[in-house]
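Single-letter residue listing:
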Amino acid sequence: MRLAFGAASREQVCSRTEILSILDAVAQGGRLRYGWHVSGDVARLDARVALLAAMCVESALPMGGEIDLRKSGADWEVQTQNNRLTLDPNLWGPLGRNACPDDLSAAQVHFGLLGPMAEEAGRTPQVSHGADWVKIAF
């Protein structure tokens, strides 16, 4: 939580080991699994955006599933494919327009923070989806 919601500066870096241990701890005993397909250490600002995007994707997986986080060059993708995907249009519609959804509950706050925190990192989230997949790229 501290990494996803905490303060970060341009010079801070997160180690691959730290992120893998966080994702392992979050997945332990649950229905979600995470694939961290990123080599080496990453900027903390980028890690924060990736984890917030993963939290958004988690909300689309009420029955569980796997979330893949990838980095190729400077580009990131956080995605899942699952035949039981649930995309709440009240959350995903505004997110796709880089807007903050109205009336967020505490359990949905990541939908409101993703855009501003991505902007702070110099990024713009782009949402795409189909019937059984969703992807947030930045």
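Parameters and conventions
- All residue numbers refer to positions counted from 1 along the written sequence of the respective chain.
- The predicted origin of the model limits local features to residues at a pLDDT of at least 70 and limits the giving and counting of side-chain atom pairs to 80 or more, whereas totals for whole chains, interfaces and linings rest on all residues.
- Side-chain measures here rest on the full set of heavy atoms in the structure, leaving out hydrogens and waters.
- Strands here are runs of E lasting at least two residues and helices are runs of H or I lasting at least four, both read from the DSSP assignment and numbered beginning at the N terminus.
- C-alpha atoms define the radius of gyration in this analysis, and the globule rule sets the expected value at 2.2 Å times the number of residues to the power 0.38.
- Per-residue accessibility, obtained with a 1.4 Å probe over protein chains only, is compared with the maximum for each type, and a residue is labelled buried under 20%, exposed over 50%, and partly exposed between these values.
- Picture the helix axis, draw a direction to every C-beta atom, and the arc is the one those directions span.
- Only heavy atoms matter for contacts: two residues are in contact if any of them lie within 4.5 Å across the pair.

### So, the overall build of the protein chain
In step 1: A tally of regular secondary structure across the protein chain gives 5 helices and 7 strands.
In step 2: Its helices and strands in sequence order give the protein chain the pattern α-β-α-β-β-α-β-β-α-α-β-β, from N to C terminus.
In step 3: The C-alpha atoms of the protein chain give 14 Å as radius of gyration, which agrees with the globular expectation for 138 residues (14 Å, within 12%).
In step 4: In terms of principal-axis extent, the alpha carbons of the protein chain reach across some 35 × 30 × 30 Å.

### What about unusual backbone geometry?
In step 1: Positive phi, close to 60°, is recorded for Asn98, a residue that is not glycine.
In step 2: Counting through the fold element by element, Asn98 comes out in the loop between helix 4 (89–96) and helix 5 (109–120).
In step 3: For Asn98, a relative accessible area of 41% corresponds to the partly exposed category.
In step 4: The backbone of Asp103 sits at a positive phi, close to 50°, despite the residue not being glycine.
In step 5: Mapped onto the secondary structure, Asp103 falls in the loop between helix 4 and helix 5.

### Side note on helix 4
In step 1: The complete set of buried residues in helix 4 reads Leu91, Trp92, Pro94 and Leu95. Summarising the axial view, the buried residues of helix 4 lie within an arc of 165°, below the 170-degree limit, and thus occupy one face. Away from the buried face of helix 4 by more than 90 degrees, exposed residues Pro89 and Asn90 are located.
In step 2: If you follow the buried residues of helix 4, they end up packed against helix 3 (44–59), helix 5, strand 6 (126–129) and strand 7 (133–137).

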